[in-house]
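Read off the chains here:
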Amino acid sequence: MIEAVDLHRTYTLGDSDVGALRGVSLAVGAGDYVAVTGPSGSGKSTLMHVLGALDRPTAGIVRIAGRDVNTLNDAELAELRNATIGFVFQSFALLARTSAVDNVAMPLLYRGMRKSVRRKLAEEALGRVGLGHRLDHRPNQLSGGEQQRVAIARALVGQPTVVFADEPTGNLDTRNGDEVMKLLGELNASGVAIVLVTHEPDIAAHAARQITIRDGRIAYDSAAPGEAA
Ligand code: ADP
Ligand code: ADP
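Residues numbered from 1 in each chain as written. Chains lettered and ligands numbered in written order. Predicted model: local features only at pLDDT ≥ 70, side-chain atom pairs only at ≥ 80, totals over all residues. Heavy atoms only, no water.

**Some points on the layout of surface pockets**
Line of reasoning, step 1. Looking at the largest pocket, its volume works out to about 570 Å³.
Line of reasoning, step 2. Together, 20 residues line the largest pocket, and Arg81, Asn82, Ile85, Phe87 and Pro107 are the ones closest to its centre.
Line of reasoning, step 3. Counting only elements with at least two residues in the lining of the largest pocket, the list comes to α2 (74-84), β6 (85-89) and α5 (144-156).
Line of reasoning, step 4. Per element, the largest residue contribution to the lining of the largest pocket is 6 residues, and it comes from α2.
Line of reasoning, step 5. In terms of residue class, the lining of the largest pocket is made up of 13 nonpolar, 3 polar and 4 charged. (1 Å grid on protein atoms, 1.4 Å probe; cavity = no way out; pocket = protein on both sides within 12 Å on 5 of 7 lines; lining within 4 Å. Points joined across faces, edges and corners; volume = space filled by probe spheres on them. Helix = DSSP H or I, 4+ residues; strand = E, 2+ residues; numbered from the N terminus. Nonpolar A, V, L, I, M, F, W, Y, C, P; charged D, E, K, R; others polar.)

**Here's the deal with the sheet that holds strand β3 (residues 33-37)**
Line of reasoning, step 1. What the 6 strands build is an open sheet, ordered β6-β7-β8-β3-β9-β10; its pairing is mixed. Two strands close off the open sheet at either side, each with one partner strand: β6 and β10 (217-221). Taken pair by pair, the neighbouring strands of this sheet meet at an average axis angle of 20°, ignoring direction.
Line of reasoning, step 2. Summarising the sheet, strand β7 (residues 162-166) and strand β8 (residues 193-197) pair through 5 bridges and their orientation is parallel. When the bridges of β8 are listed, phenylalanine 164 appears paired with valine 195.
Line of reasoning, step 3. The strands that α5 touches are β6 and β7; relative to β6, the one it contacts most, it runs at about 170°. (Pairing = 2+ DSSP bridges. Axes fitted to C-alpha atoms, helices over the stretch in contact; angles between N-to-C directions. Contact = heavy atoms within 4.5 Å.)

**Describing the packing of aromatic side chains**
Line of reasoning, step 1. Overall, the coordinates contain 2 aromatic pairs when judged by the stated rule.
Line of reasoning, step 2. Taken together, a centroid distance of 5.9 Å and an interplanar angle of 10° make the contact between phenylalanine 87 and phenylalanine 89 stacked.
Line of reasoning, step 3. Using a relative accessible area of 13% as the deciding quantity, one classes phenylalanine 87 as buried.
Line of reasoning, step 4. On the basis of an interplanar angle of 20° and a centroid distance of 5.9 Å, the ring pair of phenylalanine 87 and phenylalanine 164 is categorised as stacked. Here phenylalanine 164 lies in strand β7 and phenylalanine 87 lies in strand β6, a separation of 77 residues in the sequence. This pair shows no difference in class: phenylalanine 87 is buried, exactly as phenylalanine 164 is.
Line of reasoning, step 5. Of the aromatic side chains, those joined through ring pairs into one cluster are Phe87, Phe89 and Phe164. (Phe/Tyr/Trp six-rings, centres within 6.5 Å; stacked < 30°, edge-to-face > 60°. Buried < 20%, exposed > 50% of the residue type's maximum accessible area, 1.4 Å probe, protein only.)

Printed below as a string of structure tokens:
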């Protein structure tokens, strides 16, 4: 469903280049649950951005739902991303002046649905994460755990095939972190692939497949031939 072949991503800082990804190949299939771990600066976030079509590779191929992102212009790429991928970030990334239900409805804006339909789907998504009673609250009226659940509702409202979660528990206490991991587990059980980026082994342990990245390369992939699962 998402396939990467010999990915490179180089950032240019002044007159020096930083090779954040240096030859990464992997495939994420339907319904997979993959944890990507590795030290700070190893390239985890860059990999998530490139696989999730928020960013383009400097070299190599990314195919999302069979489409090579190199052949798509920015508008086509945004449309493909919107149709297939949901994102959850450490810092929640909610619109501060916007109600929970309107935050959740955002990914539906460009799908040609009536406002009433968007609202109904957003209400259902908030119900799924246990926030059916917080529809009209703004982010600053919600706890951190509740804000992340709003973000999960926003990630799932468009019925994505894959959700990328970058350190989704990083700003949460243990209880709220557990709740978020439970919701991601339920989402995966419903058939959605999850790619979880984390530096916490306890969090990574929720995933069926473990990938370790080091210095911009895959150092270990439990699904690779020859590796013990
Ligand atoms: P991780 O998520 O594992 O901490 P990142 O993907 O954020 O790693 O970063 C990988 C490398 O790329 C690091 O050396 C980082 O400093 C560098 N990097 C990340 N984003 C940028 C950027 N926007 N500009 C320049 N360098 C960056
Ligand atoms: P942090 O790791 O500092 O908490 P986030 O995980 O929220 O930050 O975001 C990581 C990166 O993803 C940032 O560089 C940010 O620009 C980008 N980002 C955050 N939210 C979105 C979004 N909704 N759409 C696109 N990019 C985003």
